[in-house]
Amino acid sequence: FPVTINTVAGNSLNTTGNTNNHGIRLTLLSNYNTIANNTISTNGNDSNLGIYLNASSANNITNNTIATNGTSNNDAIALDNYADNSTITQNKISAGNNTLDDGVQLTLSSGNTITNNNLIAIQGATGNTGIALNITSTNNNITNNTIFTNGSNSNFGIAELTYSDNNTIRNNIS
């Protein structure tokens, strides 16, 4: 069932398991929610997500502290499958441990604003990205973020991939 017009705030969340550990997950038309002032830590082998929005739009993700750790595919914030028109601002983000870890990942998601995230620290061996725009993520506004990535190779501050067009990317430090 969709969850709309709710506030998830002031929580301390810690998940640990083998795979698919999510701190906060909104799916299938969970629109117009605010996720603010939470401390989120996810740990496990694979696919650990701090905040995950799937087909949920117009959400506000503000002032959270998020850390994800595992061997691969650990994203602090992931917006997938038409998670459109959301705002991600003033978050402290740390993701990684090994490979394919992203601070913020958008896949098939458009019209989002990612701004003033003061720390995006991505650390791992290879394929880690501060902000990743995947598969037709268009018309997003990415401004005034501080991004740090560290690893042995193929690590990116901001990456636009596979038909991700018409994005505004300015005043970011990487």
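Since the model is a prediction, treat every value here as computed from it, not as a measurement.

Draft legend 1. Layout of the sheet that holds strand β2 (residues 12-16). Within the open sheet, the six strands sit side by side as β2-β5-β8-β11-β14-β17. Their pairing is parallel. Whereas interior strands pair on both sides, the edge strands pair on one side only; in this sheet they are β2 and β17 (147-150). Adjacent strand axes in the sheet meet at a mean angle of 5° when their direction is disregarded.

Draft legend 2. View of the layout of surface pockets. The volume enclosed by the largest pocket comes to roughly 250 Å³. Every residue lining the largest pocket is counted, 19 residues in all, and those nearest its centre are N73, D75, L100, D102 and Q105. Taken together, the residues that form the lining of the largest pocket break down as eight nonpolar, eight polar and three charged.

Draft legend 3. Examining the environment of I120 more closely. Mapped onto the elements, I120 comes out in strand β14 (residues 119-123). For the pair I120 and S86, spaced 34 residues apart in sequence, the C-alpha separation works out to 18 Å. Among residues more than four places away in sequence, those in contact with I120 are I93, G103, G130, I131, T146, I147 and F148.

Draft legend 4. Focus on unusual backbone geometry. The residue N63 is not glycine, and still its phi comes out positive at about 55°. Assignment of secondary structure puts N63 in the loop between β7 (60-62) and β8 (65-69). Although it is not a glycine, Q90 sits at a positive phi angle of roughly 55°. When you line up the elements, Q90 lands in the loop between β10 (87-89) and β11 (92-95). We classify Q90 as partly exposed; its relative accessible area is 42%.

Draft legend 5. The side chain of N21, seen in detail. Mapped onto the elements of the fold, N21 is located in the loop between β2 and β3 (22-27). Separated by 2.7 Å, the side chains of N21 and N48 make a polar contact. Leave out the neighbours within four places in its chain, and N21 touches T15, T16, T42, N43, G44, S47, N48 and L49.

Draft legend 6. Main features of the environment of N116. On the secondary structure map, N116 appears in the loop between β13 (113-115) and β14. Here the alpha-carbon distance between N116 and Y163, two residues 47 residues apart in the chain, equals 25 Å. Setting aside its immediate chain neighbours within four residues, N116 contacts T89, Q90, N91, T143, N144 and N145.

Draft legend 7. Main features of the sheet that holds strand β4 (residues 34-36). One open sheet holds the seven strands; their spatial order is β1-β4-β7-β10-β13-β16-β19, and the pairing between them is parallel. Where the open sheet ends on each side, the last strands, each with one partner, are β1 (7-9) and β19 (168-170). Each neighbouring strand pair of the sheet contributes to a mean axis angle of 5°, computed without reference to strand direction. When β10 meets β13, the two strands line up parallel, connected through three bridges.

Draft legend 8. Broad picture of the pairing of strand β15 (residues 129-134). Extensive coverage of β15 is indicated by the burial of six of its six residues. Relative to β15, strand β12 (residues 102-107) runs parallel, the two being bridged by five bridges. Paired with V104 across the two strands is I131, which belongs to β15. Note: β15 against strand β18 (residues 156-160), four bridges, orientation parallel. Residue pairing in the sheet places T129 in a bridge with F156 of β18.

Draft legend 9. Molecular detail of the pairing of strand β6 (residues 49-54). Most of β6 sits out of view: six of its six residues are buried. Looking at chain direction, β3 and β6 are connected through five bridges and run parallel. Residue pairing across strands places T27 opposite N54, the latter belonging to β6. One ladder, built from five bridges, connects β6 with strand β9 (residues 75-80); its direction is parallel. Pairing of N54 across the sheet is with D80, part of β9.

Cut-offs used in this document
- Residues numbered from 1 in each chain as written.
- Predicted model: local features only at pLDDT ≥ 70, side-chain atom pairs only at ≥ 80, totals over all residues.
- Heavy atoms only, no water.
- Pairing = 2+ DSSP bridges.
- Helix = DSSP H or I, 4+ residues; strand = E, 2+ residues; numbered from the N terminus.
- Axes fitted to C-alpha atoms, helices over the stretch in contact; angles between N-to-C directions.
- 1 Å grid on protein atoms, 1.4 Å probe; cavity = no way out; pocket = protein on both sides within 12 Å on 5 of 7 lines; lining within 4 Å.
- Points joined across faces, edges and corners; volume = space filled by probe spheres on them.
- Nonpolar A, V, L, I, M, F, W, Y, C, P; charged D, E, K, R; others polar.
- Contact = heavy atoms within 4.5 Å.
- Buried < 20%, exposed > 50% of the residue type's maximum accessible area, 1.4 Å probe, protein only.
- Polar contact = N/O pair within 3.5 Å; in protein donor to acceptor, adjacent residues only side chain to side chain.

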